[in-house]
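Commentary on secondary and tertiary structure
Here's the letter readout for the chains.
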Amino acid sequence: MNSPAPFLRLSGIAKSFGGVTALAGVDFELAAGEIVGLIGDNGAGKSTLVKILSGVYAPDAGSLTLDGKPVDFRSYDVRRARALGIEAVHQDRCLGEKQPLWRNLFVGRHRAGRLGFIDIAREKTEAMTVLRDLVGLSGNGLSPEARVAGLSGGERQGLAIGRAMHFHARVVILDEPTTALSLREVERVLSFIADLKAQRRAAVFVSHTLSHVHAVADRFVILERGRVAAMRVKDNVDLSGLCSLVQAPGAA
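Overview of the structure. Please read these numbers as outputs of a predicted model, since none were measured by experiment.

1. Considering the sheet that holds strand 2 (residues 20-30)
Here four strands make up an open sheet; going across it, the order is 2-1-4-5 and the pairing antiparallel. Single-partner strands in this sheet number two, and they are strand 2 and strand 5 (69-71). Each strand axis lies, on average, 25° off the axis of its neighbour in the sheet, ignoring direction. Summarising the sheet, strand 1 (residues 8-17) and strand 4 (residues 61-66) pair through five bridges and their orientation is antiparallel. Note on strand 4: the bridge partner recorded for Leu10 is Leu64. Contacting strand 1, strand 2 and strand 4, helix 1 (residues 46-53) runs over the sheet at an angle of about 120° to strand 1.

2. Side note on the pattern of salt bridges
Scanning the model with the defined rule gives ten salt bridges in all. We note a salt bridge from Asp60 to Lys15, for which the minimum N-O separation is 3.9 Å. Linking Asp60 in the loop between helix 1 and strand 4 with Lys15 in strand 1, this pair joins segments that are 45 residues apart in sequence. For Lys15, a relative accessible area of 12% corresponds to the buried category. The closest approach of N and O atoms between Arg74 and Asp72, which form a salt bridge, is 3.0 Å. On the basis of relative accessibility, which here comes to 37%, the residue Asp72 falls in the partly exposed class. When salt bridges with common partners are traced through the structure, they connect Arg111, Arg122 and Glu126 into a single cluster.

3. A few points about helix 8 (residues 239-247)
Along an α-helix, a turn takes 3.6 residues, which lines up residues three or four apart on a common side. What helix 8 keeps buried is the set Leu242, Leu245 and Val246. Buried residues along helix 8 cover an arc of 95° about the axis, so they all sit on one side. Facing away from the buried side of helix 8 by more than 90 degrees, the exposed set consists of Ser240 and Gln247.

4. Overview of the sheet that holds strand 6 (residues 86-89)
Taken together, six strands build an open sheet; the order of strands is 6-7-8-3-9-10 and the sheet is mixed. At either margin of the open sheet sits one strand with a lone partner, and together these are strand 6 and strand 10 (227-233). Strand-to-strand, the axes of this sheet are offset by a mean angle of 20°, without reference to chain direction. Of the pairings in the sheet, the one linking strand 7 (residues 171-175) to strand 8 (residues 202-206) comprises five bridges and is parallel in character. Pairing of Asp175 across the sheet is with Val206, part of strand 8. Against the sheet, helix 5 (residues 153-166) touches strand 6 and strand 7, its axis set at about 170° to strand 6.

5. Description of the packing of aromatic side chains
In total, this model carries two aromatic pairs according to the counting rule given. Aromatic side chains Phe17 and Tyr57 sit 5.3 Å apart centroid to centroid with 65° between the ring planes, which places their arrangement in the edge-to-face category. Of this pair, Phe17 sits in strand 1 while Tyr57 sits in the loop between helix 1 and strand 4; the two residues are 40 residues apart in sequence, bridging distant segments of the chain. On the basis of relative accessibility, which here comes to 37%, the residue Phe17 falls in the partly exposed class.

6. Some thoughts on the pairing of strand 7
The buried fraction of strand 7 is high, at five of five residues. In strand 7, alternate side chains face the same way, and those of Val171, Ile173 and Asp175 on one face and Val172 and Leu174 on the other are all buried. Of the pairings in the sheet, the one linking strand 6 to strand 7 comprises four bridges and is parallel in character. Considered in strand 7, the bridge of Ala88 is made with Ile173. In this fold, strand 7 hands off to helix 6 (residues 183-198), which returns the chain to strand 8; that crossover is right-handed.

Here is what the cut-offs are and how they apply
Residues numbered from 1 in each chain as written. Predicted model: local features only at pLDDT ≥ 70, side-chain atom pairs only at ≥ 80, totals over all residues. Heavy atoms only, no water. Pairing = 2+ DSSP bridges. Helix = DSSP H or I, 4+ residues; strand = E, 2+ residues; numbered from the N terminus. Axes fitted to C-alpha atoms, helices over the stretch in contact; angles between N-to-C directions. Contact = heavy atoms within 4.5 Å. Salt bridge = Lys/Arg side-chain N within 4 Å of Asp/Glu carboxyl O. Buried < 20%, exposed > 50% of the residue type's maximum accessible area, 1.4 Å probe, protein only. Arc of directions from axis to C-beta. Phe/Tyr/Trp six-rings, centres within 6.5 Å; stacked < 30°, edge-to-face > 60°. Right-handed = clockwise from strand over helix to strand, strands pointing away.

Structure follows, in C-alpha cells:
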C-alpha cells in the first residue's frame with residue numbers, strides 16, 4: 001500500500017525542558033484523510049509533539065510545512081494553529097460542565113452581529129446543527145441550552161470533535177479520546193473518528209489503548225525517548241504485531 005502524499009510535515013522537531021530532552025529531531029507527516037496513531041510509553045514525547053503541532057509549545061528547533069508552505073514557528077500559537085485548520089481535542093475535553101452546549105461550542109470564537117455583540121440566536125441555531133448532524137444527538141428534549149454535565153462521556157467527546165469539525169479543522173488531534181469510557185461509548189467515539197476520515201480530514205490519535213488505535217488508524221508512529229523508533233502502515237501489522245512493536249520498538 002502506497003502512503004498518500006503528506007500535506008503536513010514536521011521536520012527535525014526538538015524540544016527540551018531544562019536539562020531534559022523531550023524530543024530529539026522528530027520527523028512526522030500527515031496526509032489528508034489519514035488517521036495516524038501516535039503511540040509510545042509515558043515520557044516518549046507524544047504530548048510534547050502534539051502540543052507543538054497545536055501551538056501550545058514552540059520547538060527549540062525544526063520546521064513545519066502545510067500544503068508545501070513553511071509555517072513560521074515564531075508567530076505560531078494556538079490561535080494561529082486553529083486559523084490554519086489544526087485543532088486539538090485534549091484528554092480533559094476542555095468543556096465547561098456547567099455551561100450550556102452552545103456556549104461550549106463557541107467559547108473564544110463567538111459569532112458577532114453587526115454591532116459587535118454576540119449573535120446568540122445564530123450560535124444556538126448553529127449549535128443545533130452540530131448536535132444533530134455532526135454529533136448525532138437526537139430526542140425531543142435536545143436543546144442548545146442543555147448543560148454539558150448531562151452528556152455521557154462519549155457524547156462529550158463527540159461534542160468536542162464536532163466543535164473542531166464545525167470550525168473547519170483539517171487536522172484534529174485526539175489526546176486519549178477513549179479513556180474511561182464504556183465499550184459502547186468507545187465504539188461511538190471511534191465512529192466519530194471514522195467520520196473525520198470520510199470527510200477527508202486528518203487526525204492524530206494519541207492513545208495507550210492499542211486496540212482502539214489499531215481499529216481506526218491507517219498508520220502508526222511509535223515514539224521512544226523523544227525519537228521515532230518505528231513506523232508501520234496498518235496493512236503490514238496486525239494488533240498482536242503492533243503490541244510487540246510497542247514493547248520493543250528499537251528491535252523493529
